[in-house]
Every structure is written in structure tokens, then in C-alpha cells.
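Analysis of the macromolecular model
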Amino acid sequence: MKRETMCVQAGWTPKNGEPRQLPIIQSTTFKYDNTEEMAMLFDLKKSGYFYTRLQNPTNDAVASKIAALEGGVGAMLTSSGQAANFYAVFNICEAGGHIVVSTEIYGGTYNLFNVTMRKLGIDCTFINQEASEEEIQKAFRPNTKALFGETISNPGCAVLDIEKFARIAHKNGVPLIVDNTFATPINCRPFEWGCDIITHSTTKYMDGHATQVGGCIVDSGNFDWDAQSDKFPGLTTPDESYHGLTYTKAFGKMAYTTKLVAQLMRDLGSIPAPQNSFLLNLGLETLHLRVQRHCENAQAMAEFLESDSRVAWVHYSGLKSDQHYELGQKYLPNGSCGVLAFGLKGDRNTAINFMDSLKLINIETHVADAKSCVLHPASHTHRQLSDEQLREAGIAPDLIRLSIGIENIDDLIDDVRQALDQI
């Protein structure tokens, strides 16, 4: 199936007499006729459902749809995008481990890796993704377990050179993990460029209507964990909590995903409610239509802003003047996303006055849904960082993140124009 058809049809195929729409299995538990069947489930010797913290039919159907869209072998939903990024790394990296991460990432993820995971004994080295392969190579250590980046960075809108990052990761015997939230599998499938694991905040474009918070991890099934068995003992040596089962031997290409569910979700429990997964699925059915409109609108807005003398700069890979235009043409030929970054001539107060003057576009701690919204990271999501730390994270103090929705673009441009007239 083509991706447009997958958005509508993948994940749930009803049998004769079953509901056409994905049902909400809002149940914590599942009944069995004898203890042996239940025991087989707990020993991972049989596939099935017994407790929603581990697996639920509604959640699994939506995870299967996202795996199909990305071209992966398996996927697991989480209760948030933050949980997805944490699980994706923690599944292969424990105390004493180390990861290499691009500085061009979402502020919440930056804090997760730089503060919280350090408390768990996992070290992190941040690198400039524009640096040469030789320079990035210097960040790797014998205990490095993964390389992490975002397809399109939030909020800076930088485009990741996925092939370069994959080459560096594999040279060091580690997987490349890419957060594909902004591009979505409609505009970019990182597995086709050498990525090994994909994460998503499904709260954003996949939902598209700001109705649920969620995340997803998708495994390509391509990384050879056994070839690097010393680096990844959690996957390649016996798990005593499952009677000595070894994930790579028992589950092959599904080893990483199975461990995510059977071990991390079992112990940490960041599951989405089946109701949330149902809402997410409704959003996925129109993802291919909405993404196209988001991109068309954002391109028009970027061109308008670039032509306005009151605007100091614009970052959007669809602009030929943008430093990531060539990478955008390579990885995102059908459009990037609906998010762009720009700065106004003036100071922080100029940005604040502009946003306060908007009427149609709302100030929100959100991004990437049907309704247009705006945010000044230095004043909101990243206000704990100094100007120097902001620049290190690839965020200019004057950066305004504008998320363009699917409204009529003339109305949106008119709103931005009248707000610019107020500064």
C-alpha cells in the first residue's frame, strides 16, 4: 500500500461482522479459560493480551499503522513523546553508558538527556550537527550506545543529514535514533536513509487536533545487535526476569521492540489510554491530506516573511535562501512541515509585542496541529536557559516559532501583517 492508503487502512482489518472503525478496548484485563494459557503469555512463549500496561488491542493496532507508515518491523506507543525518547535510549543504554546527541533538538529532550538521564548514570555529549564527520567522531567513546537527532529540529527548523549521521553511528557500532515528529512519515522515512530507530511525539501532526498526548517508537529491524553484543547485553544476553530468555535469539528482528514492551513498559508503565489511541488513529487517517496543506501554507508564509523589511531572518528549508535548502530537497522533496522559525528586527520585547498583537494565531505551548499557533522559546519553553545556552542549543534569543495550520493562508498572512504593523 502507498502511504496515503496506509493512513486509512493499515493497523486494523476487521473480520466478517466486526466493527469497521477501530474499537476502543477500554479494559485493563483479559480473561482466559486456564492457567497454562496465562502462564505462556507471562513467559513470552505466546502472543496475546493479559494486562493493558503491557499490550492492548487498540494501542497495538495504532502502533502497527505507524510501523507500516515508517516501514518498520514493530512499534510501541507511549504516553508522550518524552516517554518515547526516554524509552528508545534507555532500552539499550543503562548506568555507565553514553550517548551522542545533536544540539538541534527540542528543549524538553535536551533537558531529558542533559539533566535527568545523567542522574541515572547515563552521560551525554552534545555535538553540532553541521560539523564534519571527523569532528563529530571525536565525541564517541567505547561506552557510547547511540547517536540521536531530529529530522527537522524543534524549534530551529534545521534539517538533519540522516545519511551522514547513519554513517557515523554505524562506524562506531551503534544505532542512529531519529525523532521524525515534524517531518512525519508522509514527508520523510528515515529508515530509507540508514536510520535504525524512529521516535515520534504523536501529540503533534499525527494527532493533528491537539486532543491527546502520546508518543511512539518504531524499530527498523535492521540493526545487528548480536554483531555488537558487548555493547548491548540487555538484548544479547539472558534476561533473568524472563527465565533466562535472550531477546535477539528468541525474537530476531523484533528483539528491540519486544524488550521495550516486555521489560521497560512492564516496569515503567508509560502507556497511552486506549481512548487516546483511538483519537490518534482518527488523526492518522487524514495525516496525508493535512501535511500537504500545512506545507503549502508554511511555504507561502515563509516567502511573505522573507519579503518583509521588518523581519530579520527566516529559517524554513523550503526557501532557496535557507542554509538547509539542499538537505531539504534531498530528504524532504515533497515539503518539510508547517513549522518555521524567524526573528524580527529589534529585541525580545519586539517579539513579545508582535505575538501579543496576533488575533487569529494563538500563543500556545504547542505546535503542529490544524490550528495555527506561535511561541517565543526564550520567553516560554526555554526560559530556563541563558542567551549563551540558547545559542548553544541552536536557538537564537529572538527566535519565534510559528506553526502554520490548515486555515486559509490569506487570513493567516493578514493576521501576521497587522501584528507586524503594531511593533
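Residues numbered from 1 in each chain as written. Predicted model: local features only at pLDDT ≥ 70, side-chain atom pairs only at ≥ 80, totals over all residues. Heavy atoms only, no water.

This structure, assessed with the given rule, holds 14 aromatic pairs. When the ring of Phe86 is compared with that of Tyr87, the centres are 6.0 Å apart and the planes differ by 70°; the resulting orientation is edge-to-face. For the ring pair Trp225 and Phe232, a centre distance of 5.0 Å and an interplane angle of 85° mean the geometry is edge-to-face. With respect to class, Trp225 is no different from Phe232; both count as buried. Following the ring pairs from residue to residue traces out a cluster consisting of Phe223, Trp225, Phe232 and Tyr256. (Phe/Tyr/Trp six-rings, centres within 6.5 Å; stacked < 30°, edge-to-face > 60°. Buried < 20%, exposed > 50% of the residue type's maximum accessible area, 1.4 Å probe, protein only.)

Before going further, it helps to examine the layout of surface pockets. A volume near 680 Å³ is recorded for the largest pocket. Residue lining of the largest pocket: 35 residues in total, with Leu54, Gln55, Asp60, Thr258 and Val261 positioned closest to the centre. Elements with a minimum of two residues in the lining of the largest pocket: helix H2 (35-42), helix H3 (57-70), strand E1 (74-78) and helix H11 (255-268). For the lining of the largest pocket, the element with the highest residue contribution is H11, accounting for 6 residues. Looking at the lining of the largest pocket, its residues break down into 21 nonpolar, 10 polar and 4 charged. (1 Å grid on protein atoms, 1.4 Å probe; cavity = no way out; pocket = protein on both sides within 12 Å on 5 of 7 lines; lining within 4 Å. Points joined across faces, edges and corners; volume = space filled by probe spheres on them. Helix = DSSP H or I, 4+ residues; strand = E, 2+ residues; numbered from the N terminus. Nonpolar A, V, L, I, M, F, W, Y, C, P; charged D, E, K, R; others polar.)

All told, the structure shown has 0 disulfides when counted by the stated rule. Cys216 takes part in no disulfide bond, and the closest cysteine sulfur to it belongs to Cys195, at a distance of 13 Å. Overall, Cys216 belongs to the buried group, its relative accessible area being 0%. Not engaged in a disulfide, the cysteine Cys337 finds its nearest cysteine sulfur in Cys157; these two sulfurs lie 5.7 Å apart. (Disulfide = S-S within 2.5 Å.)

Here strand E6 (residues 197-201) lies mainly inside the structure; 5 of its 5 residues are buried. The side-chain alternation of E6 yields two buried faces, one formed by Ile197, Thr199 and Ser201 and the other by Ile198 and His200. Sheet topology places strand E5 (residues 176-179) next to E6; 3 bridges connect them, and they run parallel. Considered in E6, the bridge of Asp179 is made with Thr199. In terms of strand pairing, E6 meets strand E7 (residues 215-219) through 5 bridges, oriented antiparallel. Paired with His200 across the bridge in E7 is Cys216. (Pairing = 2+ DSSP bridges.)

Our focus in this paragraph is unusual backbone geometry. As a rule of thumb, non-glycine residues mostly have phi less than zero, and peptide bonds are mostly trans rather than cis. Of the consecutive residues Asn154 and Pro155, the connecting peptide bond is found in the cis state with omega at 15°. Residue position: Pro155 is located in the loop between strand E4 (144-150) and helix H7 (162-171). Phi is positive for Cys157, which is not a glycine, with a value near 65°. Positionally, Cys157 belongs in the loop between E4 and H7.

With that out of the way, let us pick up the sheet that holds strand E12 (residues 400-403). Taken in spatial order, the 5 strands of this open sheet run E8-E9-E12-E11-E10, and their pairing is mixed. Unpaired on one side and paired on the other, strand E8 (311-315) and strand E10 (362-363) mark the two borders of the sheet. Two elements, strand E9 (residues 339-344) and E12, share 4 bridges in a ladder whose sense is antiparallel. Bridge pairing in E12 places Val339 opposite Ser403.

Before going further, it helps to examine the sheet that holds E1. Pairing is mixed in the open sheet, where 7 strands are placed in the order E1-E7-E6-E5-E4-E2-E3. The sheet is open, and its two edges are formed by E1 and strand E3 (123-127), each paired on a single side. Ignoring strand direction, the axes of neighbouring strands in this sheet form an average angle of 20°. Against the sheet, helix H4 (residues 81-90) contacts E1, strand E2 (98-102), E4, E5, E6 and E7, and its axis sits at roughly 160° relative to E6. (Axes fitted to C-alpha atoms, helices over the stretch in contact; angles between N-to-C directions. Contact = heavy atoms within 4.5 Å.)

Another aspect to go through is the pairing of E5. Here E5 shows no split at all, with Leu176 and Val178 on one side and Ile177 and Asp179 on the other all buried. Summarising the sheet, E4 and E5 pair through 4 bridges and their orientation is parallel. Bridge assignment links Leu147 to a residue of E5, and that residue is Leu176.

Side chains bearing opposite charge may pair, as long as their charged atoms lie close to each other. Applying the stated rule across the entire model yields 12 salt bridges. Taking the shortest distance from any N to any O, the salt bridge between Glu37 and Lys46 comes out at 3.1 Å. (Salt bridge = Lys/Arg side-chain N within 4 Å of Asp/Glu carboxyl O.)

That's the geometry; what it means functionally is another story.
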